[in-house]
Amino acid sequence: MEKEIKNTVVLKEEENVGVVQIADDVVAMIASLAAAEVEGVNVMSGNISNERMSKVGVKKLTKGVKVVVSEDTVKVSIAIVMDYGYNIPATCQQIQNKVKNAIENMTGLNCTDVNIRIVSIKVK
């Protein structure tokens, strides 16, 4: 049975202290949680509501989010379900800004792209 190898990126390497690595799944979780905070975002595609996020694992939180980490840059693609009645371009701009800022502030990586795909509109 082969051991699953997770993609990681080295954030900081110092001779006397050690190495700090971050897994791609962690970056995807940061993006997912940041996007879910924006008003008008109902759920991530294939994801769950904010109320139930604390009861599930990483795989459920990152569903609908794809990250590509190379060197010190990150490209994010997010599939979302929006609530009806919200301005799509304005909401997407907020998502892009929030995701980019969260990733850059928490990891120190440069987030170059935040691509959003709206897969559905939820009517109340």
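Residues numbered from 1 in each chain as written. Predicted model: local features only at pLDDT ≥ 70, side-chain atom pairs only at ≥ 80, totals over all residues. Heavy atoms only, no water.

A.B. asks: Explain the environment of Ala28 residue by residue, including any values.
C.D. replies: As for its position among the elements, Ala28 is in helix 1 (residues 24-36). The class for Ala28 is buried, based on a relative accessible area of 4%. In this structure the C-alpha to C-alpha distance between Ala28 and Ile103, which are 75 residues apart in sequence, comes to 9.0 Å. The residues contacting Ala28, other than those within four sequence positions of it, are Thr62, Val65 and Val67. (Helix = DSSP H or I, 4+ residues; strand = E, 2+ residues; numbered from the N terminus. Buried < 20%, exposed > 50% of the residue type's maximum accessible area, 1.4 Å probe, protein only. Contact = heavy atoms within 4.5 Å.)

A.B. asks: Provide a residue-level description of the nonpolar core, including the pertinent values.
C.D. replies: Counting residues in hydrophobic clusters, the biggest one holds 25 residues, and the most contacted among them are Val76, Ile78, Val99 and Ile103. Listing elements by their share of this core, those giving two or more residues are helix 1, strand 4 (65-70), strand 5 (73-83), helix 3 (88-107) and strand 6 (110-122). Not counting residues within four places of it along the chain, the set of residues in contact with Ile103 comprises Val27, Ile30, Ala31, Val74, Val76, Gly108, Leu109 and Cys111. (Core = buried A, V, L, I, M, F, W, Y, C linked by side-chain atoms within 4.5 Å.)

A.B. asks: Quick rundown of unusual backbone geometry? Include the residues and the values.
C.D. replies: The residue Glu71 is not glycine, and still its phi comes out positive at about 55°. By secondary structure assignment, the location of Glu71 is in the loop between strand 4 and strand 5.

A.B. asks: If you had to explain a nonpolar patch on the surface to someone new, which residues and values would you point to?
C.D. replies: Where nonpolar side chains cluster on the molecular surface, the patch consists of Tyr84, Ile88, Ile121 and Val123 and spans about 410 Å² of accessible area. Assignment of secondary structure puts Tyr84 in the loop between strand 5 and helix 3. Classification of Tyr84 as exposed rests on a relative accessible area of 61%. (Patch = residues over 30% accessible without salt bridge, like charges linked within 9 Å, V, L, I, M, F, W, Y side chains within 5 Å. Areas by Shrake-Rupley, 256 points an atom, 1.4 Å probe, with all protein chains shown as cover. Salt bridge = Lys/Arg side-chain N within 4 Å of Asp/Glu carboxyl O.)

A.B. asks: So, the pairing of strand 5: which residues are in play, and what are the values?
C.D. replies: Most of strand 5 sits inside the fold, with 8 of its 11 residues counted as buried. Pairing geometry for strand 4 and strand 5, over 6 bridges, is antiparallel. Bridge pairing links Val65 to Ile78 in strand 5. Here strand 4 folds back onto strand 5, and the loop between the two strands holds 2 residues, one of which, Glu71, carries a positive phi near 55°. As paired strands, strand 5 and strand 6 are joined by 11 bridges and run parallel to one another. By the bridge assignment for strand 6, Ser77 is matched with Asn115. Chirality of the crossover, the property in question, places the unit of strand 5, helix 3 and strand 6 among those that are right-handed. (Pairing = 2+ DSSP bridges. Right-handed = clockwise from strand over helix to strand, strands pointing away.)

A.B. asks: An account of the pattern of salt bridges is needed here, citing residue identities and associated values.
C.D. replies: In the structure shown here, the tally under the stated rule is 2 salt bridges. The partner of Lys98 in a salt bridge is Glu37, with the nearest N and O atoms 3.4 Å apart. Of this pair, Lys98 sits in helix 3 while Glu37 sits in the loop between helix 1 and strand 3 (41-44), and the two are 61 residues apart along the sequence. Relative accessible area serves as the criterion here: at 34%, Lys98 is assigned to the partly exposed category. For Lys100, the salt bridge identified is with Glu104, shortest N-O distance 2.7 Å. A residue pair is termed a helical-turn pair when its members lie 3 or 4 positions apart in one helix, as Lys100 and Glu104 do in helix 3 at 4 residues. Accessibility expressed as a relative area gives 24% for Glu104, which makes it partly exposed.

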